[in-house]
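# Report on the structure
Each chain is listed here by its residues.
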Amino acid sequence: MENIQYVAKNLQITKIVKQDIDMSLLFPHYFRMASSVLPDYKKQFLSICCGGSSIISSPFSVSYPRNSFFLLLYTKSGGVRLTIDGGTLSLTAGSFVMLPMDYTVHLQSLVLPWVYEIYYIDASAFPSYKEILSKHFSAFSIDDCPSFLPAVSMLKSYPSTISSSDFFSIHASLTEVFSICCIASLGNDKIPAKIPSYL
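Figured I'd write up the structure that's included with this text. Since we're looking at a predicted model, the values are computed, not measured.

This brings us to the nonpolar core. In summary, soluble globular proteins display a tendency toward joint burial of nonpolar side chains. Counting residues in each nonpolar core, the largest one holds 34 residues, and the members touching the most others are Leu72, Phe96, Met98, Phe148 and Phe178. For this core, the secondary-structure elements that each account for two or more residues are strand 5 (70-84), strand 7 (95-100), strand 8 (105-122), helix 4 (127-135), helix 5 (148-155) and helix 6 (164-185). Broken down by element, the residue count for this core peaks at 9 residues, all from helix 6. Of all hydrophobic cores here, the second largest spans 31 residues; its members include Ala8, Leu26, Leu89 and Val97.

Here is the structure:
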């Protein structure tokens, strides 16, 4: 699996105005594993590579190279158009999407300023997530998924250097986020406020 720096290096940004897009807006916070985290853990558990909250105020267009990460994108306000292999979604305030990035992902500003959270997730140990979420390319509303915001807010609470205990806490938070997205993508109208702890 390539690392997140490969994705950042191969990003194609089209300036719509004469202002550069700061890469930290698309890759806000890098995480690294402490030496206590065994290398094999990443092959067996969900992990987060990069992510956080950001704001873009200038018109932009960006294309991500195909890669093996999942992209979790949540729009707090403003909006962005997301296109993958011919399918297009508008992510406006209160909507989110989780998708595998094994095809070209293109983002273009719609409503500025765009206030959002973005996360790049390694889920290579769980191919069933990719299978489910690839079949149902759609945005979800936080109104229909009340447990989404508490689960995602946990992702912002971790330090830059991930300890072994943080690693397993992140796995638990990401498991909840993926469960919410899979349930929503399979067509249930409303997601329960809290996913049972045994899922």
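Still more ground to cover, so stick around.
Scanning the model with the defined rule gives 15 aromatic pairs in all. Ring geometry for phenylalanine 96 against phenylalanine 140: centres 5.5 Å apart, planes inclined by 55°, an arrangement best described as tilted. Taken together, the residues span a long stretch of sequence, with phenylalanine 96 in strand 7 and phenylalanine 140 in strand 9 (residues 140-141) at a distance of 44 residues. Since its relative accessible area comes to 0%, phenylalanine 96 is described here as buried. Residue classification places phenylalanine 140 among the buried residues on the basis of a relative accessible area of 9%. Geometrically, the ring pair formed by tyrosine 129 and phenylalanine 178 is stacked, given 4.4 Å between the ring centres and 20° between the ring planes. Here the residue tyrosine 129 occupies a position in helix 4, and phenylalanine 178 occupies one in helix 6, the gap between them amounting to 49 residues. Just as tyrosine 129 is buried, phenylalanine 178 falls in that class too. Through a chain of ring-to-ring contacts, three or more aromatic side chains come together here, namely Phe27, Tyr30, Tyr64 and Tyr120.

For strand 3 (residues 47-56), the tally of buried residues reaches 8 of 10 residues, placing the bulk of the element in the interior. Strand direction decides the pairing type here: strand 3 and strand 8, joined by 9 bridges, are antiparallel. Bridging from a neighbouring strand, isoleucine 56 pairs with tryptophan 114 of strand 8.

Conventions and cut-offs
- Residues numbered from 1 in each chain as written.
- Predicted model: local features only at pLDDT ≥ 70, side-chain atom pairs only at ≥ 80, totals over all residues.
- Heavy atoms only, no water.
- Core = buried A, V, L, I, M, F, W, Y, C linked by side-chain atoms within 4.5 Å.
- Buried < 20%, exposed > 50% of the residue type's maximum accessible area, 1.4 Å probe, protein only.
- Helix = DSSP H or I, 4+ residues; strand = E, 2+ residues; numbered from the N terminus.
- Phe/Tyr/Trp six-rings, centres within 6.5 Å; stacked < 30°, edge-to-face > 60°.
- Pairing = 2+ DSSP bridges.

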